[in-house]
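Spelled out, the chains give:
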Amino acid sequence: MSDQRSDRQPVPFRGGGFNPMPRRLLPWLVFFLLIAAWQAASSAGLLPALFMPSPAAIVNALVELWLNGTLVEHVTASLKRIIPGWIIGTGAGLAVGLAMGIFSATRAAGLPIVSALFPIPKIALLPLLILWFGIGEPSKVATIALGVFFPTVISAYSACDSVPRNLIRMAQSFGLPATDIVAKIIVPGSMPGILAGFRISASVALLLVVAAEMIGAQYGIGAFVLQAGNLMQTDQLMAGVVMLSVLGLLIAWGLGIVERSVLRWR
Amino acid sequence: MPLHIEKVSHSYGTVEALADIELDIADGETVALIGPSGCGKSTLLGIVGGLLEPTAGRVTFSGQMPSDSLNPFTYIFQDFALLPWRSVADNVGLALEHRALSAAERRERIAAALALTGLTEFAAAYPKQLSGGMRQRVGIARALVVRPAVLLLDEPLSALDAQTRELLMEDLLAIWAREKSTRVYVTHNLEEAARLADRVVVLSRRPGRIREVIAIDVPVAERGQARHATLLVEVHKKLWSLIRDEVVTADREMQHV
């Protein structure tokens, strides 16, 4: 080895890359470029307006629907199904899921039933539920509740499972009664899994409300989109679809806020 | 509180973990359990504190259960076992919430335990924000807050780096000089055993049996003094010579899964 500085060579650099880097502008840029390209294609007459309305036409339709109150009417009708359906399904799902997570007997009894019923697309049960509850609101709410129930059960009981055993042993070693162990260890320890399940169940609820409204409803975003399609009002149809995206984003945003406040400790 | 481990054996299914453990622990004594991994020392600790039921034998205590102890048999865990969603003060308070205490007394006890472990300014912090050493101090505070008669330490310093371990050993000694309790200390670290224990119980490889009980005659509080340095080295050497072969065999053993 020579001591001459001029003889030394730098060690080649092999690291770097594969790290997610924040790119603040890029997502917006891509988003607007895509819309601009779409608008340009529409304006140039490359996209037939009947099959693919331009972004401007969709925005116009949205503004018009907002001003004449149609949009609010349909969104309200959908929300009146989603909210009670989701609450009922989540409430029942959490009760059953936590019971399955805590008691071996409930799990042994419930798991086969849940596993058998979970894969059924719940919309297939709508006709049966219509027979039971009539064509009105209860059958749609029940479909959503059922669709929400099963994923909630599964996320709640696997969340219970993921609570570290050593925390339960610790609680036992300090003489905590069983009810305290559930309330102070198992339930809070399950919250991350339960809240992650809420994201899934919320998207299931959105999916089912649209499907149920397409099968038999006068109002609601699903009904509106279907009617617009039947009348070949594609701009209105797309306005309804955009509304669904907005609704989904709002739900995800709201759940994000709940997660951040409930799971501050993470 | 004097403890008596009477002919305790334990098996996990067909795997024998402990065989015929017979040991008396005097009131206020600190006994270290050492042995190669898989010798059942943690199992024995679980049995002593009533978290595990032995396959045979029993653990008893004699004399009166101290009336001021809220949780006579109290553990300090290797992985700290803190609730990540509770602040430091609330983790310590967990041990008191189900006890009949006034809110004021609860607060007082928590404050005293935090002060004793140097955690007062971290009371509102969450475990995630703390270093490993601080987390174990929370575990220690949680154990002190119930005034245990028997303190069961399950490799309490094993998850910490060497320097933090040194600090916490000093802390434990300082606390033990003030708080009366009988202590069982499971460790694989020979130095911890030599520094902290009045007697060291050396267990053999699975199934764990008592190979030898070594009493260290220098009082724990004086072991830091330079004139006892050679003694500690001797103890360390002796312990190592007792378990070295077993560690070698345990190390080469294949897992039967």
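Residues numbered from 1 in each chain as written. Chains lettered and ligands numbered in written order. Predicted model: local features only at pLDDT ≥ 70, side-chain atom pairs only at ≥ 80, totals over all residues. Heavy atoms only, no water.

> Tell me about the sheet that holds strand S5 (residues 73–76) of chain B, and please be specific about residues and values.
All names here are of chain B. One open sheet accounts for 6 strands, arranged S5-S6-S7-S3-S8-S9; its pairing is mixed. Unpaired on one side and paired on the other, S5 and strand S9 (210–215) mark the two borders of the sheet. Neighbour-to-neighbour, the strand axes of this sheet turn through a mean angle of 20°, independent of strand direction. Where strand S3 (residues 30–34) meets strand S7 (residues 182–186), 4 bridges bridge the pair, whose relative direction is parallel. Considered in S7, the bridge of Leu 33 is made with Val 186. Of the strands in this sheet, S5 and strand S6 (150–154) touch helix H4 (residues 132–144), which is tilted by about 175° from S5. Where helix H5 (residues 162–178) meets the sheet, its contacts fall on S3, S6 and S7, and the angle it forms with S7 comes to roughly 160°. (Pairing = 2+ DSSP bridges. Helix = DSSP H or I, 4+ residues; strand = E, 2+ residues; numbered from the N terminus. Axes fitted to C-alpha atoms, helices over the stretch in contact; angles between N-to-C directions. Contact = heavy atoms within 4.5 Å.)

> If you had to explain the pattern of salt bridges to someone new, which residues and values would you point to?
As enumerated under the stated definition, the model contains 17 salt bridges over all chains in all. Here Arg81(A) ties to Glu213(A) by a salt bridge, and the two come within 2.6 Å at their closest N and O atoms. Of this pair, Arg81(A) sits in helix H3 (residues 70–102) while Glu213(A) sits in helix H8 (residues 178–216); the two residues are 132 residues apart in sequence, bridging distant segments of the chain. In terms of burial, Arg81(A) and Glu213(A) fall into one category: buried. Note that Arg227(B) is salt-bridged to Glu222(B), the shortest N-O span being 3.8 Å. A relative accessible area of 29% means that Glu222(B) is categorised as partly exposed. (Salt bridge = Lys/Arg side-chain N within 4 Å of Asp/Glu carboxyl O. Buried < 20%, exposed > 50% of the residue type's maximum accessible area, 1.4 Å probe, protein only.)

> Outline the packing of H3(A) against helix H6 (residues 137–161) of chain A, supporting the account with residue identities and numerical values.
Residue and element names in this part refer to chain A. Between H3 and H6, whose axes approach to 6 Å, the crossing angle comes to 30°. Here the hand of the crossing between H3 and H6 comes out right-handed. Looking at side-chain class alone, the contact of H3 with H6 contains 19 nonpolar, 7 polar and 4 charged residues. (Left-handed = near helix turned anticlockwise from the far one by under 90°. Nonpolar A, V, L, I, M, F, W, Y, C, P; charged D, E, K, R; others polar.)

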